[in-house]
Amino acid sequence: MRACEDFVTDLELFHDGELAPPAVHQLEHHLRQCASCRAELETLSELRRQLVQHDSATPHPDLWGAIEARLPALDSELHTPLPWWRRLELGPWILRPIGVVAAFGAIAAVVVLARPPAPIDVVRSIDTSGRPVMVLPSSDDATIIWVMDDPSEDSGTGETPSGL
C-alpha cells in the first residue's frame with residue numbers, strides 16, 4: 001500500500017480532474033481509509049472556491065495609471081550604466097583570469113622598465129703623459145676611451161676624445 005506522501009501529487013491532479021483512471025481508482029480507495037488525505041482534498045476545494053471569488057473582484061480603476069506612472073523610474077533604475085569595474089565583473093569567466101595575467105604582466109613591465117640602469121663600469125687610469133683616462137665599455141664590443149684634460153689647461157669642455 002502506498003503512503004500518504006505518494007498521493008500528494010495525485011490529490012492535486014484528482015482535484016483538477018487531470019488524474020488518469022487507474023490512478024483515480026487507487027486514490028479513491030485510499031481516500032476511503034485516510035482521513036488526513038480527505039482533509040487535504042477538502043482544503044484544496046476550499047482554496048479553489050476562494051480563488052474563484054477573488055478572481056471575480058475587479059481591480060481599482062486607476063491601477064494601470066499608477067503602474068504606468070512608475071514605469072519611467074523603474075526603467076531608469078534598470079538601465080543605469082554600471083561603472084567600468086562592475087562591467088568587468090559581469091564579463092565571461094574566462095576574461096577574469098586573462099585580466100589578472102594582463103595586470104601582473106603590466107606590473108612586471110613597469111617594475112622592469114622603472115628599474116634604474118646598471119652603473120657603467122668605468123676604468124680610470126692615467127696615460128703615459130700623466131693625463132687621466134676613462135675607459136667606457138659599450139654594448140657592441142667596442143671600447144670608448146676618453147682622455148681627460150688637466151683642469152689647469154682647460155680649453156672649454158674639459159674632455160677630448162683620444163685618437164688612440
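For clarity, every value in this text was computed on a predicted model and none was experimentally measured. Residue positions within a chain follow its written sequence, with the count starting from 1. Two thresholds apply to this predicted model, a pLDDT of at least 70 for residue-level local features and 80 or more for giving and counting side-chain atom pairs, whereas whole-chain, interface and lining totals are computed over all residues. To obtain the side-chain values, all non-hydrogen atoms of the structure were used and water was disregarded.

Chemist: Let's hear about the overall build of the protein chain: which residues, and what values?
Modeler: Secondary structure follows DSSP: runs of H or I at least 4 residues long count as helices, runs of E at least 2 residues long count as strands, and numbering of each begins at the N terminus. Check the secondary structure of the protein chain and you find six helices and four strands. Here the protein chain holds 164 residues, and the buried ones make up 12% of them. Under the convention used here, a 1.4 Å probe and the Shrake-Rupley method define accessible areas, while residue burial counts only the protein chains that appear. For the protein chain, the computed accessible surface area is about 13600 Å², with 63% contributed by carbon and sulfur atoms. For each residue, the accessible area found with a 1.4 Å probe, counting protein chains only, is set against the maximum for its type, and the residue is called buried under 20%, exposed over 50%, and partly exposed in between.

Chemist: Could you give an account of a nonpolar patch on the surface, naming the residues involved and the relevant values?
Modeler: A cluster of nonpolar residues, Leu-63, Trp-64, Ile-67, Leu-71 and Leu-74, forms a patch on the protein surface that exposes about 470 Å² of accessible area. Mapped onto the elements of the fold, Ile-67 is located in helix α4 (residues 63–78). Take Ile-67: its relative accessible area is 38%, and that puts it in the partly exposed class. Residues form patches when they are more than 30% accessible in relative terms and have no salt bridge. Like charges link within 9 Å. Nonpolar side chains (Val, Leu, Ile, Met, Phe, Trp, Tyr) link within 5 Å. The working definition used for a salt bridge is a side-chain nitrogen of Lys or Arg within 4 Å of a carboxyl oxygen of Asp or Glu.

Chemist: Outline α4, listing residues and values.
Modeler: To estimate the expected span of a helix, subtract one from its residue number and multiply by 1.5 Å. A rise of 1.5 Å per residue sets the reference length of α4, with its 16 residues, at 22 Å; its end C-alpha atoms lie 22 Å apart and thus fit the reference within 8%. Most pronounced at Leu-71, the bend in α4 amounts to some 35°, and the proline Pro-72 follows within four residues. One axis fitted to the seven residues ending at a residue, another fitted to the seven starting there: the angle between these axes is the bend at that residue.

Chemist: Now, about the nonpolar core: what can you tell me, with residues and values included?
Modeler: Among the nonpolar cores identified, the biggest contains 11 residues, and these are Phe-7, Leu-11, Leu-19, Ala-23, Val-24, Leu-27, Leu-31, Cys-34, Cys-37, Leu-41 and Leu-44. Elements with a contribution of two residues or more to this core: α2 (21–33) and α3 (35–55). When residues of this core are assigned to their parent elements, the largest contribution, four residues, is made by α2. It only takes one pair of heavy atoms within 4.5 Å for two residues to be counted as in contact. For Leu-27, the residues in contact, after removing those within four places along its chain, are Phe-7, Asp-10, Leu-11, Phe-14 and Leu-19. Take the buried residues of types Ala, Val, Leu, Ile, Met, Phe, Trp, Tyr and Cys, join any two whose side-chain atoms come within 4.5 Å, and each joined set is a nonpolar core.

Chemist: Residues and numbers for helix α1 (residues 8–16), please.
Modeler: Burial in α1 covers these residues: Asp-10, Leu-11 and His-15. Looking straight down α1, one finds its buried side chains confined to an arc of 135°; they lie on one side. The arc under discussion is defined with respect to the helix axis, by the directions toward the C-beta atoms.

Chemist: Summarise the pattern of salt bridges; cite the residues concerned and give the values.
Modeler: Using the criterion set out here, one finds three salt bridges in the structure. Between Asp-16 and Arg-48 there is a salt bridge, and its shortest N-O distance comes to 2.7 Å. Of the two residues, Asp-16 sits in helix α1 while Arg-48 sits in helix α3, which places them 32 residues apart along the sequence. Assessed through its relative accessible area of 40%, Arg-48 is described here as partly exposed. Note that Glu-42 is salt-bridged to Arg-49, the shortest N-O span being 3.2 Å. For Glu-42, a relative accessible area of 46% gives the class partly exposed. Each of Glu-42, Glu-46 and Arg-49 takes part in a single network of salt bridges with overlapping partners.

Chemist: I'd like a description of the packing of α1 against α2, backed by residues and values.
Modeler: For the pair α1 and α2, interaxial distance at closest approach is 11 Å and the crossing angle is 110°. Between α1 and α2, the crossing angle belongs to the class labelled roughly perpendicular. Packed against α1, whose contacting residues are Asp-10, Leu-11 and Phe-14, the element α2 presents Val-24, Leu-27, Glu-28 and Leu-31 at the interface. Three classes are used, and their members are as follows: Ala, Val, Leu, Ile, Met, Phe, Trp, Tyr, Cys and Pro are nonpolar, Asp, Glu, Lys and Arg are charged, and the others, Gly among them, are polar. Partitioned by chemical class, the residues of the contact of α1 with α2 number five nonpolar, no polar and two charged. Angular values range over 0 to 180 degrees, each being the angle between N-to-C directions of two axes fitted as lines to C-alpha atoms, with helices fitted over their stretch in contact. By the definition adopted for this analysis, an angle is roughly parallel if under 35 degrees, roughly antiparallel if over 145, roughly perpendicular if from 65 to 115, and oblique otherwise.

Chemist: Account for the confidence of the model for the protein chain, with residues named and values stated.
Modeler: Looking at any residue, its pLDDT shows the predictor's confidence there, from 0 to 100. Looking at the protein chain as a whole, its pLDDT mean stands at 76, while 63% of the residues score no less than 70. Least confident of the elements in the protein chain is strand β4 (residues 159–161), whose mean pLDDT is 51; most confident is α2, at 88.

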